[in-house]
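Breakdown of the fold
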Amino acid sequence: MSGIFYGVGVGPGDPELLTVKAINVIREADIIIAPKTEKKEDSVALEIAKPFLKENVEIVKLVFPMVSHDETLATAWENNKNTISELLAAGKKVVFLTLGDPMFYSTYIYVFRLLENCGYPIETIPGVTAFCAIASKLGYPIVEGNDILSIIPATIDEAKLEKALEMADNAVIMKVYKNSGEVIEKLQHHGLAENAVMISRCGLEDEQVIHNLQDIGDQKINYLSTILTRRNKV
């Protein structure tokens, strides 16, 4: 009997934000895939899902390295694909956990593409994105009326970043951990800094909220950090 592969979004950090469907799928899993970016790291997604794991579930931690070396990436992805394929061939219910939503800046997207033509059924269970959780937590409307929202990875080309900020009424800035100083400068230049807020590790025990981006200074920004901003005050 063929297995089935699930991609499950576990939200940004608070286990209570998981959907009923996500919880049910996790509870019925034979195998839980917990993705990590490095061998030494723990899986944040696994920690969020832990309250819903059955006692005898098998947890497989797979490393998806964040490197630019094509050969290293190709080898890692192929090995991970083979590991998952073997589990599915054995008829297992395999659940791949991912932060936020599986189809939003997620490692799961690449796994989905690797497996979608392999002959196994795939089901994707949506999750709450970090920026939606942040907005609700802070009472910070993301868009209203005819507002234009830009969702921008801070890692994009500088010219694209400038253009996106120029056009946006409101913006969600993702992946700000690498160049937060430059991002804040550009937000100031485009009149988007005054009403900005940044949250790191939303919903987790060490969550940090920064309402004045100038307070960030030279401090190291956590990978799980997002900026919400808008031209007009809430």
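For the structure, check the block above.
Residues numbered from 1 in each chain as written. Predicted model: local features only at pLDDT ≥ 70, side-chain atom pairs only at ≥ 80, totals over all residues. Heavy atoms only, no water.

**Structural notes on the packing of helix H6 (residues 158-167) against helix H7 (residues 180-189)**
Helix-helix packing is described using two parameters, namely the angle between the two axes and the distance between the axes. Condition: In this analysis, axes come from line fits to C-alpha atoms, helices being fitted only over the stretch in contact, and the angle between any two N-to-C directions falls in the range 0 to 180 degrees. Numbering of helices and strands starts at the N terminus; helices are DSSP runs of H or I of at least 4 residues and strands are runs of E of at least 2. In this scheme the crossing of two helices becomes right-handed for a clockwise turn of the near helix relative to the far one and left-handed for an anticlockwise turn of less than a right angle. Contacts were defined at the residue level, with two residues in contact if any of their heavy atoms lie within 4.5 Å. In this count, Pro and Cys sit with the nonpolar residues alongside Ala, Val, Leu, Ile, Met, Phe, Trp and Tyr, while Asp, Glu, Lys and Arg are called charged and the others, Gly among them, polar.
Two numbers describe how H6 lies on H7: the axes approach to 10 Å, and their chain directions differ by 35°. You can see that H6 and H7 cross each other, and the crossing is right-handed. Between H6 and H7, the contacting residues are Glu158, Leu161, Glu162 and Leu165 on the first element and Lys186, Leu187 and His189 on the second. Tallied by class, residues from the contact of H6 with H7 come to 3 nonpolar, 1 polar and 3 charged.

**With respect to the pairing of strand E7 (residues 170-174)**
For clarity, the cut-off: Using a 1.4 Å probe on the protein chains alone, a residue whose accessible area is under 20% of its type maximum counts as buried, one over 50% counts as exposed, and one in between counts as partly exposed. Between any two strands, pairing holds if DSSP finds at least two bridges.
By the criterion of burial, E7 is predominantly enclosed, with 5 of the 5 residues buried. What you see with E7 is no split at all: Asn170, Val172 and Met174 on one side and Ala171 and Ile173 on the other are buried throughout. With 5 bridges joining them, strand E6 (residues 149-153) and E7 adopt parallel strand pairing. Opposite isoleucine 152, over in E7, you have isoleucine 173 as the bridge partner.

**As for the packing of aromatic side chains**
Condition: We call Phe, Tyr and Trp rings a pair once their centres come within 6.5 Å, taking the six-membered ring for Trp, and we label the pair stacked below 30 degrees between planes, edge-to-face above 60, and tilted otherwise.
Going through the model one piece at a time under the given rule, you end up with 10 aromatic pairs. Both rings, one in phenylalanine 64 and one in tryptophan 77, keep their centres 4.7 Å apart while their planes meet at 55°; by these two values the pair is tilted. You can see phenylalanine 64 sitting in the loop between strand E3 (58-63) and helix H3 (70-89) and its partner tryptophan 77 sitting in helix H3, a full 13 residues away along the chain. Given a relative accessible area of 17%, tryptophan 77 falls into the buried group. Measuring from centroid to centroid gives 6.0 Å for phenylalanine 96 and tyrosine 108, while their planes differ by 45°, and the two rings are tilted. With phenylalanine 96 in strand E4 (residues 93-98) and tyrosine 108 in helix H4 (residues 107-115), this residue pair connects regions lying 12 residues apart in the sequence. We classify phenylalanine 96 as buried; its relative accessible area is 0%. Owing to a relative accessible area of 0%, tyrosine 108 belongs among the buried residues under this scheme. Ring pairing ties together the aromatic residues Phe5, Phe64, Trp77, Phe96, Tyr108, Tyr110 and Phe112, which thus form one cluster.

**Let's talk about unusual backbone geometry**
Even without glycine at this site, tyrosine 105 takes up a positive phi of about 45°. Residue placement: tyrosine 105 occurs in the loop between E4 and H4. A positive phi angle is found at arginine 201, which is not glycine, with a value near 55°. Counting through the fold element by element, arginine 201 comes out in the loop between strand E8 (197-200) and strand E9 (208-210).

**Focus: the sheet that holds E6**
Read from one edge of the open sheet, 5 strands run E6-E7-E10-E8-E9, paired in mixed fashion. The open sheet has two edge strands, E6 and E9, and neither has a second partner. Each neighbouring strand pair of the sheet contributes to a mean axis angle of 15°, computed without reference to strand direction. Relative to E9, E8 is paired through 3 bridges, and the arrangement is antiparallel. Paired with methionine 198 across the bridge in E9 is isoleucine 210. Across the face of the sheet, helix H5 (residues 130-138) comes into contact with E6, E7, E8, E9 and strand E10 (225-230) while running at roughly 60° to E10.

**With respect to the state of the cysteines**
What counts here: Whenever a pair of cysteine sulfur atoms sits within 2.5 Å, that pair is classed as a disulfide.
As enumerated under the stated definition, the model contains 0 disulfides in all. With no disulfide of its own, cysteine 132 has cysteine 202 as its nearest cysteine by sulfur position, at a separation of 11 Å. Cysteine 202 sits in the buried class, given a relative accessible area of 8%.

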